[in-house]
Amino acid sequence: MLKKILTSFFIVLLLAIIVLGYLYLQKQKEYKGVYPFSAIPVNSELIVQFESLEQLISKLENNTGIWTELSKFEKIAKINENLQFIDSLASKIDSDHQFTLDRSFTMASHLQGKNDIEYLYILPILDYLEEKKLQTAVSNWIGPDLVLRERNYQNTTLYSIPAASKKEKELHFTFSKGLFLASRSMLLLENSVRQLSTDNSISKTKGFEQIRRTIGKNVDANIFLNLKTFPKQISFSLNKEHSKFIRNYTNIGNWTELDLSFRNRIILMNGFTYSDPSQGNLMNLFLQQEPVKMEMESILPATTGVLAVLGIDDPLLHKGKYRKFLDQMGKLSDYQKDINDLKKKTGEDFEEIIFSIIYKEIGLAFAEGNADKKFTIIRTKSASIAKEKMLKPILGFAKKQERTLSYYKRTYKLDSETSFDIYRLPEDRLPEKLFGSFFSDASSAYFTFIDNYLVMGPSINALSEFIQESVLGKTLDSNQNYQENKEYLSNKANFFFYTSTPKANQFITSFLNEELQSEIQTHKESVNKFQAVGLQLSSNRNLVYNNLFIEYDPVLESAPQTDWESRIDTCFRHKPYLVKNHYTKENEIFVQDIQNQIYLVNPAGRILWKKPLDSQIIGKVEQIDLFKNNKLQYLFATKNHLHLIDRNGNYVKNYPVRLKAEAAHGIAIFDYDKNKNYRIFIPCKDQRVYAYSKEGKIITGWNPAKAENPITCEIQHFRIGGKDYIVYADKFRVYILNRRGVERVKLKKQFSKSENNPFYLEEQSNRLVTTDNNGTIHYIYLNGKVESKSFTQLSEAHYFSAADLNSDGKNEYLFADYNFLKIFDASGNQKLEKKFDSGISYRPNVYKFSRRKIEIGICTENENKIYLIDLKGNNHSGFPLKGNTEFSIGFAKSGDKSFNLYVGDNRNFLLNYSVH
């Protein structure tokens, strides 16, 4: 009996050991890694592989900007939901967190039906234990109310998770050959299972291995695009016209790989494209072409919303390849017919003309907010030769129409000295006929030349606007955002595409279907935060190198609305000075940049000339009539010289004049008897004030004593009661002298005058007023008496102005310190206190538009803002405006209700605002 019991016990024990051993071995069994791409159906359009799913999810969760904005769109939101599902599933597997998502993750898109896109998700499974844990986690996740369905397909168990609502789709998954496969399409999951059992892997398709070998490491993802099928997926997002066109566009290339990197405010994608040279692919146009330096941006308006440029090193090679491409597309006969029709119409071969003048670049540019303003730009070898060739077909057409060339010519005058000829072409679809459908709707009705560029556009007005912005330097290469984005691009390419999203909304949405248009309109602000997209394609041996960036900036900043903007080389040194053109009596603008170049700009914004100086201008720029012939010159001082320059930018005889010592402050010009016998006064760092004649000679009758301390302000002149008073101050005292430099008024009480502020004359009281370093007001009477009043506590850096702001015959006092502006009346009553968001950079300027219309100009340089406010602190309509210097205001004609305001900004532009 005992023997039977022992035998039975050992049998049970042996079976238990066998079962436990089997289970243990199963749990410990590791799956041999299967290449995830083996599970991807060969006709998939898009494949994205992430090195680490855990890092991806963490990065997307922490990226509160880019991914949050993208997830507002339905298709991205679906991908985000699926990623969150996998993440939540992993967190529920077990409590010891042995299952980690720090492994590769692959997703592939696939067309389903007529207009649906589904995704396949692939995750490697390390061993049998992980597989069972995932299976259990799914059962626990759906809860007891729903049943996890199972069915067998080709010896593989397929699982289906019921949808939570009728609007949602079921999620299907399976485990096969060490891979976790999931999709919301059962058909796609079945295709994936079948794919694993075949040798016909996607990696064996033409060109895939070539680009797979180029993938980058330490990037966020590797993206693979099947260029034979991906256009069909794109077509779902387009309107009927463009969808039909792109759906059948299967000959772009073969495969593209892009390395994806998420950075702070930039999404970068770069990699290679393989295009079979034996096939009629569009990408083959770039092969064997050397990348060229893109220079077209230097003449394109800064308002350009969309730009596409072909870089063609060999135009004849391009023409031959393009004809071959059209031939394999079955469109060569249509192309040749268009060329022949043009020849019959004009007697000239347009194809031969255009390809003979091309030098490196052909561009297509769209003006901001207006899809109708499309310009074709061709860089030519020689503008004069190109013009001669372009006029031949016009002359031929004119002859047939029995007209002269003048009938097809108009002249646009930017100003009295600058004009451009604009010609009417007998063909307004020339770009499309020569370069393809990408140039559709780009009119060639009119053309002109800017430097060596041929520019074609839809109208004379459109070309005139293009010319104005280009000539004034308001060009794309001066755009700060564009320049910053160029850091992510090469300066050479065979194709370049750039769009400023906020400027190109109309253009972008014109291609899209109604559903996507509506979605973009709903999330317009989010779309505009992706402020720029750039793409470059460059030939690289037998591959094409791709470089793409998307800029994200949550701060949407609108460009200033100006009459014109004129670019100087670098930042501004000082305010724009209004100077009079003695011929036209119009205001011109005199400025200096931080490289010490001076510029004269005409009323149209064109730079007439620029001239380098030895150093920066100190103080103001004045105009004098040296020869008493009503012709004006510009007088100013730099550190070591006195300068007098005529309107053409040339020095007047005897100038520049070497100063006796280094200038401490700017010049002051006195015309005592109003007879143009000017006296030029300048304080220098040797503590002396020098007086020069208008010819630049030292005046011997002026002999003031040396100042006791360094002089801290410009020299001022006042005529009171028929007597002249020359006033200035050093660090501790005030000097009031006569014409000979002898002390005319001896102050009974001295004070340290504030360095930022001048003296003001209050005529009713025959007194001067200014402030000391603490902001205390001091009244100086002609008998030497000094009265003091303290209105408010201020720093030494404060600004003070005295002006009659309410036309009552009495001055109000303006104090600016830090970011506060305060105004008091003469009795000390506070009339206004206004706080700005940034520090006030210059002394407030008072502008009198009429007896009762008086306003105050403020600049906050750090904010790049200027203000014009009334006595109650209210902004003038349209203010604040962009600007970071003091500004000048001028009227084109007396009696005008609107005025021009000139100011510099932080983009190196002189801005001209028309203010009403």
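The rules behind these values
Residues numbered from 1 in each chain as written. Predicted model: local features only at pLDDT ≥ 70, side-chain atom pairs only at ≥ 80, totals over all residues. Heavy atoms only, no water. Helix = DSSP H or I, 4+ residues; strand = E, 2+ residues; numbered from the N terminus. Rg over C-alpha atoms; globule rule 2.2 N^0.38 Å. Contact = heavy atoms within 4.5 Å. Lys, Arg positive; Asp, Glu negative; His and termini not counted. Charge placed at Lys NZ, Arg CZ, Asp CG, Glu CD. pLDDT = per-residue confidence, 0-100. Buried < 20%, exposed > 50% of the residue type's maximum accessible area, 1.4 Å probe, protein only. Polar contact = N/O pair within 3.5 Å; in protein donor to acceptor, adjacent residues only side chain to side chain. Salt bridge = Lys/Arg side-chain N within 4 Å of Asp/Glu carboxyl O. Axes fitted to C-alpha atoms, helices over the stretch in contact; angles between N-to-C directions. Parallel < 35°, antiparallel > 145°, perpendicular 65-115°, else oblique. Nonpolar A, V, L, I, M, F, W, Y, C, P; charged D, E, K, R; others polar. Pairing = 2+ DSSP bridges.

A. Region of interest: the overall build of the protein. Scanning the protein for helices and strands turns up 19 helices and 53 strands. In terms of overall dimensions, the protein is more spread out than a globule: its C-alpha atoms have a radius of gyration of 38 Å, far above the 29 Å expected for 916 residues. Projected onto the principal axes, the alpha-carbon positions of the protein cover approximately 140 × 95 × 45 Å. Restricting the contact set of the protein to residue pairs at least 6 apart, pairs at least 24 apart contribute 55%. On the protein, the mean spot of the 122 positive side-chain charges and the mean spot of the 107 negative ones are 3 Å from each other.

B. Fine view of the confidence of the model for the protein. A residue-level look at the protein finds 92% of positions with pLDDT of 70 or above and a mean pLDDT of 87. Below pLDDT 50 for its whole length, residues 17–28 participates in four contacts with residues either more than four positions away or in separate chains.

C. Quick look at unusual backbone geometry. With an omega of 5 degrees, the peptide bond running from Y655 to P656 counts as cis. Note on placement: P656 falls in the loop between β30 (641–645) and β31 (657–658). Each neighbour pair has its own omega, and for F879 with P880 the value is 5 degrees, a cis peptide bond. Along the chain, P880 falls in the loop between β49 (865–869) and β50 (881–882). Although it is not a glycine, N218 sits at a positive phi angle of roughly 55 degrees.

D. Structural detail: helix α12 (residues 350–357). With seven of eight residues buried, α12 lies mostly within the body of the structure. For α12, the full list of buried residues reads F350, E351, I353, I354, F355, S356 and I357. The N-cap of α12, judged by a side-chain oxygen 3.1 Å from the amide nitrogen of E351 a few residues on, is D349.

E. Structural detail: the side chain of T448. With respect to the helices, strands and loops of the structure, T448 is situated in strand β17 (residues 446–450). A polar contact is formed between the side chain of T448 and the backbone oxygen of D421, at a distance of 2.7 Å. Those residues within four positions of T448 in sequence are excluded, and the remaining contacts are F420, D421, I422, Y453, L454, V455, L463 and I467.

F. Representation of the pattern of salt bridges in the model. Evaluated as defined, the whole model comprises 38 salt bridges. For E427, the salt bridge identified is with K433, shortest N-O distance 3.2 Å. Accessibility assignment for this pair places E427 and K433 in one class, buried. With a closest N to O distance of 2.6 Å, R907 and D905 form a salt bridge. One salt-bridge network, held together by shared partners, links K474, E565, D905 and R907.

G. Just the packing of helix α10 (residues 315–329) against helix α11 (residues 332–346), in detail. Where α10 contacts α11, the axes come no closer than 7 Å and their chain directions differ by 125 degrees. Taken together, the axes of α10 and α11 lie oblique to each other. Contacts from Y322, R323, L326 and D327 in α10 reach L332, Y335 and Q336 in α11. Partitioning the contact of α10 with α11 into residue classes produces four nonpolar, one polar and two charged.

H. Quick look at the pairing of strand β27 (residues 607–612). Sheet topology places strand β26 (residues 597–601) next to β27; five bridges connect them, and they run antiparallel. Note on β27: the bridge partner recorded for Q597 is P612. Taking the residues that link successive antiparallel strands as the turn, the β26-β27 hairpin has five residues, and the phi of G605 there is positive, at about 95 degrees.

I. Local environment of the side chain of H172. Following the sequence through the fold, H172 ends up in strand β6 (residues 171–176). Setting aside its immediate chain neighbours within four residues, H172 contacts Y159, S160, L181, A182, S183, R184, S185, M186 and L189.

J. Representation of the sheet that holds strand β48 (residues 854–860) in the model. Spatially, the four strands line up as an open sheet ordered β47-β48-β49-β50, and their pairing is antiparallel. Both edges of this open sheet fall to β47 (845–848) and β50, since each of them pairs with a single strand only. The sheet contact formed by β49 and β50 spans two bridges and is antiparallel. Within β50, the residue paired with K865 across the bridge is K882.

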